[in-house]
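Here are the chains, one letter per residue:
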Amino acid sequence: MPHMKEAWPKKILIERDAKTLVASVVDLLEERLRRRLSEDSPKPLGLATGRTMRPVYIELISRLRSWPSNELEKLLGSWCSFNLDEYVGLTDKNIDSYLAYMAKYVGEPLQLTPDKLRVPNGLAQDPQIEASLYGEELRMRGGVSIQLLGIGINGHLGFNEPPCGPNTPCRLVRLSETTRIQNAFAFNGDLNKVPVEAITLGMAEILSAEEIHLIVTGTSKAHILNCLLSQPSSNDLPESWLRQHKNLYVWADHSAFGQCKRGMIASK
Ligand code: GLP
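Residues numbered from 1 in each chain as written. Predicted model: local features only at pLDDT ≥ 70, side-chain atom pairs only at ≥ 80, totals over all residues. Heavy atoms only, no water.

Further remarks concern the overall build of the protein chain. The helix and strand tally for the protein chain stands at 9 helices and 10 strands. Taking 18 Å as the expected radius of gyration for a compact globule of 268 residues, we find that the protein chain reaches 18 Å, a close match to that expectation. Out of the 268 residues in the protein chain, the part that is buried amounts to 56%. Counting only contacts in the protein chain whose residues sit at least 6 apart along the sequence, the fraction spanning at least 24 positions is 80%. (Helix = DSSP H or I, 4+ residues; strand = E, 2+ residues; numbered from the N terminus. Rg over C-alpha atoms; globule rule 2.2 N^0.38 Å. Buried < 20%, exposed > 50% of the residue type's maximum accessible area, 1.4 Å probe, protein only. Contact = heavy atoms within 4.5 Å.)

Pasting the structure below:
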């Protein structure tokens, strides 16, 4: 494979299918998590939700279960993660909330308490104040170390809908029709049940992460991945602000990458 000289993205890693891609992502995550064992108070992890991330968490949990118990205890003892976003107005028992998603795929399997696995409170009386406090708490803890990201078909990251600049902070946002349609699958396909507002970390917090891993799978993401790799940064394409990040890893399967025009492939 050709060596990639460009500084951005740091690496593009392509695998033939989503399953193989997930295994590669988790290889790297495991390595990064092991590194944290030697740190006294590692900076928070930045976690994401969505269909793309489900197999990542399932594979990660399965790997962590084979860790020596003392190492796993240490990892979980110092665990601190901040999720990107949450819908506004879903009850805490709602299985479609990101709180419920994280409890199912990460919290319960690893027996993490909610104070270690942070998700914005979508039921806060004042969601805008909740957003400010959430962003502030993340800053107080030093910002994100490793940020996992999926992507919306309109180029949103978290719930940073276009138009969106690179300095937007954690805030209350209104969801676009495109996003609500994309995410209706989680609400039995009923668009009326998809909330209209959400709390999201802003591009400011995302771009402040030390390292970003963007995971893109499936043909439905091919167009937006191509845009990321070929278009200049602009408010109309929130993902394009990732071009400013020096430590971005893009992980894609053939279905997503196949239609991209650029032949930039870096080997692991
Ligand atoms: C959702 C979430 C994003 C997620 C993205 C991709 O709207 N807010 O954080 O990365 O859309 O979702 P999926 O993986 O289901 O395509």
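That covers the picture; the talk isn't over yet.
Here the focus is the site of the ligand. Near the ligand lie 14 residues; those nearest to it are Arg-51, Thr-52, Asp-85, Asn-183 and Lys-221. His-156 is positioned such that a nitrogen or oxygen atom in its side chain is 3.1 Å from an oxygen atom of the ligand. Side-chain polar atom of Lys-221 to an oxygen atom of the ligand: 2.7 Å apart, as the coordinates give it. When isolated, the ligand has an accessible area of 390 Å², and the protein chains bury 98% of it. Each residue belonging to the shell around the ligand can be placed in one class, and the counts come to 3 nonpolar, 8 polar and 3 charged. (Near = heavy atom within 4 Å. Polar contact = N/O pair within 3.5 Å; in protein donor to acceptor, adjacent residues only side chain to side chain. Areas by Shrake-Rupley, 256 points an atom, 1.4 Å probe, with all protein chains shown as cover. Nonpolar A, V, L, I, M, F, W, Y, C, P; charged D, E, K, R; others polar.)

Three or four residues apart is the spacing at which side chains of an α-helix point the same way, because the helix has 3.6 residues per turn. When the terminal C-alpha atoms of helix 1 (residues 18-36) are compared, their 27 Å separation across 19 residues agrees well with the 27 Å that a helix rising 1.5 Å per residue should span. Residues of helix 1 that are buried: Leu-21, Val-22, Ser-24, Val-25, Val-26, Leu-28, Leu-29, Glu-30, Arg-32, Leu-33 and Arg-36. (Expected span 1.5 Å × (residues − 1).)

So, on to the environment of Tyr-98. When you line up the elements, Tyr-98 lands in helix 4 (residues 98-110). On the basis of relative accessibility, which here comes to 10%, the residue Tyr-98 falls in the buried class. Residues Tyr-98 and Gly-202, spaced 104 residues apart in sequence, show a C-alpha to C-alpha distance of 17 Å. Excluding residues within four positions of it along the chain, Tyr-98 makes contact with Thr-49, Asp-85, Glu-86, Tyr-87, Val-119, Phe-159 and Asn-183.

Moving on: the pairing of strand 1 (residues 11-15). Most of strand 1 is tucked away, with 4 of its 5 residues classed as buried. Across 5 bridges, strand 1 lies against strand 10 (residues 248-253) in parallel orientation. Bridging from a neighbouring strand, Lys-11 pairs with Tyr-249 of strand 10. (Pairing = 2+ DSSP bridges.)

Structurally, Asn-160 is set in the loop between strand 6 (146-149) and strand 7 (171-174). Of the residues examined, Asn-160 reaches a relative accessible area of 0% and is grouped as buried. In terms of polar contacts, Asn-160 uses its side chain to reach the side chain of Arg-171, at 2.8 Å. Those residues in contact with Asn-160 that lie beyond four places of it in its chain are Thr-168, Arg-171, Thr-200, Leu-201, Gly-202, Met-203, Ile-206 and Pro-238.

This part is about the pattern of salt bridges. Within the structure shown, the criterion is met by 16 salt bridges. Measuring nitrogen to oxygen at the nearest pair gives 3.8 Å for the salt bridge that ties Asp-17 to Arg-16. Relative accessible area serves as the criterion here: at 31%, Asp-17 is assigned to the partly exposed category. Salt-bridge contacts for Glu-136 lead to Arg-139; the nearest nitrogen and oxygen are separated by 3.3 Å. Of this pair, Glu-136 and Arg-139 are both found in helix 5 (residues 127-140), 3 residues apart, which corresponds to roughly one turn of the helix. (Salt bridge = Lys/Arg side-chain N within 4 Å of Asp/Glu carboxyl O.)

Topologically, Arg-36 is positioned in helix 1. The charged side chain of Arg-36 is buried without a salt bridge, its nearest counter-charge being Glu-39 at 5.5 Å. Beyond its immediate chain neighbours, meaning those up to four positions away, Arg-36 contacts Pro-42, Lys-43, Pro-44, Leu-45, Cys-80 and Ser-145. (Lys, Arg positive; Asp, Glu negative; His and termini not counted.)

On to the environment of Arg-51, then. Within the element layout of this structure, Arg-51 appears in the loop between strand 2 (45-47) and helix 2 (54-64). Measuring from C-alpha to C-alpha, the distance between Arg-51 and Thr-217 comes to 9.7 Å, with 166 residues separating the pair along the chain. Setting aside residues up to four positions removed in sequence, Arg-51 forms contacts with Gln-182 and Phe-185.

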